[in-house]
Amino acid sequence: MLKSIDLNELNLLCSPESDKVVIVNFWASWCGPGIEELPYFKKLKKEMPSIKVVLVNLDFENDVERNVSPVLIKGQYSSLENLRLTGLKADDWMPLADWDWSGAISATLILASGKKKFIEQKFENYSALKAAIQQL
Amino acid sequence: MKNLFYLIITIAFVNLFATIPPSAGYQVGDVVTDFSAKEVNGKTVSTKDFEGAKGFVIVFTCNTCPVAQKYEDRIIQLAEKLNDKDWPLIAINSNDKGISPGDSFDKMQSTSKSKKYSFPYLYDELQSIVNAFWATETPHFYVLDANKKVKYIGAMDDHADDVTGVKTRYVENAIDAIEKNQDPNPSFTRAVGCGINKRTTLATSVLLNKSGI
């Protein structure tokens, strides 16, 4: 259900390529606001199938089966790419998403037109997500 | 092969600057202006109340964040250890109770009472303290020296999930370093935590801080 990725794969994920639009959302089952915005990403993928939408889960190892899988199954997020990070030090992987990110989640990285935009908070609604992408 | 090359360059670059923290609020080396707020016992507590303190541990925490909850016992134990050393630990809840009702003053009082906090738990209702520090998640630790100069910012240790997995205790190491008149290393770490909901934007906060408000 969740593919574990390492630092190398995360770096590739967070590197902008000129012709691709990639949305990477960092979330955890214990972050309520982060779960509230997950449906927006599912809707985005449905409306714009050519955009790559990735959910990166940050739950603690032991909580994945108990807390993460139910969220993904209930919300039917299998249409999105579901990844998780294992055993990586925050100081090693967080700067790859954004240098100024000190750790607050949920957060979303938007890659478009060869540029990066990092939003260190949840999206209030679906329009806010779309607007953030269009602004790039 | 090309991607591996870029990865190596990126990691090298990141590690070169790994100790430089994001540029908002108090940074390592800044001196913290005295602040005060209402404490759960109803009285106002100020950093000025701790004349002669050897240093301070300031922690932005809350009742509701599961990561903060995982650290609660560790914070309680650290505070008890520091009580004998003249190092006040001050916990601050800056969460907007409108967004997070579990962080109301009443709830803070019951948490402090039931877990027998031996340290001040301040209610940063106006968010003026969190805006000055620009702490971003819970829990977020700042270790200050006797002159209230920030010497360390970041996580308490390297394993939020459970205390038995901890290898490095960043905050305790920072305290030891300061007592020896040395700089903590690392002086800054990142850690996953629940974002603190701030009513002010970063730009406005910088403006307010610069004009001394």
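Draft legend 1. The arrangement of the environment of A:Phe118 in detail. All names here are of chain A. Looking at the element boundaries, Phe118 is found in strand E7 (residues 115-119). Residue Phe118 is classed as buried on the basis of its relative accessible area of 17%. Setting aside anything within four residues of it in sequence, one finds Phe118 in contact with Phe26, Ala97, Asp98, Trp101, Ala107, Thr108 and Leu109.

Draft legend 2. Fine view of the environment of A:Pro16. All names here are of chain A. Inspection of the secondary structure assignment puts Pro16 in the loop between helix H1 (7-13) and strand E2 (22-27). Spatially, the C-alpha atoms of Pro16 and Phe60 are 28 Å apart, while their sequence positions differ by 44 residues. Residue contacts for Pro16: discarding those within four places in its chain leaves Leu111, Gly114, Lys115 and Lys116.

Draft legend 3. Representation of the nonpolar core. Core analysis: the biggest nonpolar cluster contains 63 residues, and A:Leu10, A:Phe26, A:Val56, A:Trp93, A:Trp101, B:Leu89 and B:Val171 have the highest contact counts within it. Among the elements that take part in this core, helix H2 (residues 66-83) of chain B stands out by supplying 8 residues, more than any other. Sequence-distant contacts of A:Phe26, that is, excluding residues within four places in its chain, are made with A:Leu10, A:Val56, A:Leu58, A:Trp93, A:Ala97, A:Trp101, A:Ile105, A:Ser106, A:Ala107, A:Leu109 and A:Phe118. Grouped together as the second largest cluster of nonpolar side chains are 23 residues, B:Val45, B:Phe56, B:Ile58 and B:Ile90 included.

Draft legend 4. Inspection of the pattern of salt bridges at higher detail. All names here are of chain B. Applying the stated criterion across every chain, the model contains 17 salt bridges over all chains. A salt bridge links Asp161 to Lys70, with the shortest nitrogen-to-oxygen separation between them at 3.2 Å. Of this pair, Asp161 sits in the loop between strand E8 (150-154) and helix H5 (170-179) while Lys70 sits in helix H2, placing them 91 residues apart in sequence. For Asp161, a relative accessible area of 16% puts it in the buried group. According to the relative accessible area criterion, Lys70 is partly exposed, its value standing at 31%. One network of salt bridges, in which partners are shared, links Glu72, Asp73 and Lys115.

Definitions and limits used
Residues numbered from 1 in each chain as written. Chains lettered and ligands numbered in written order. Predicted model: local features only at pLDDT ≥ 70, side-chain atom pairs only at ≥ 80, totals over all residues. Heavy atoms only, no water. Helix = DSSP H or I, 4+ residues; strand = E, 2+ residues; numbered from the N terminus. Buried < 20%, exposed > 50% of the residue type's maximum accessible area, 1.4 Å probe, protein only. Contact = heavy atoms within 4.5 Å. Core = buried A, V, L, I, M, F, W, Y, C linked by side-chain atoms within 4.5 Å. Salt bridge = Lys/Arg side-chain N within 4 Å of Asp/Glu carboxyl O.

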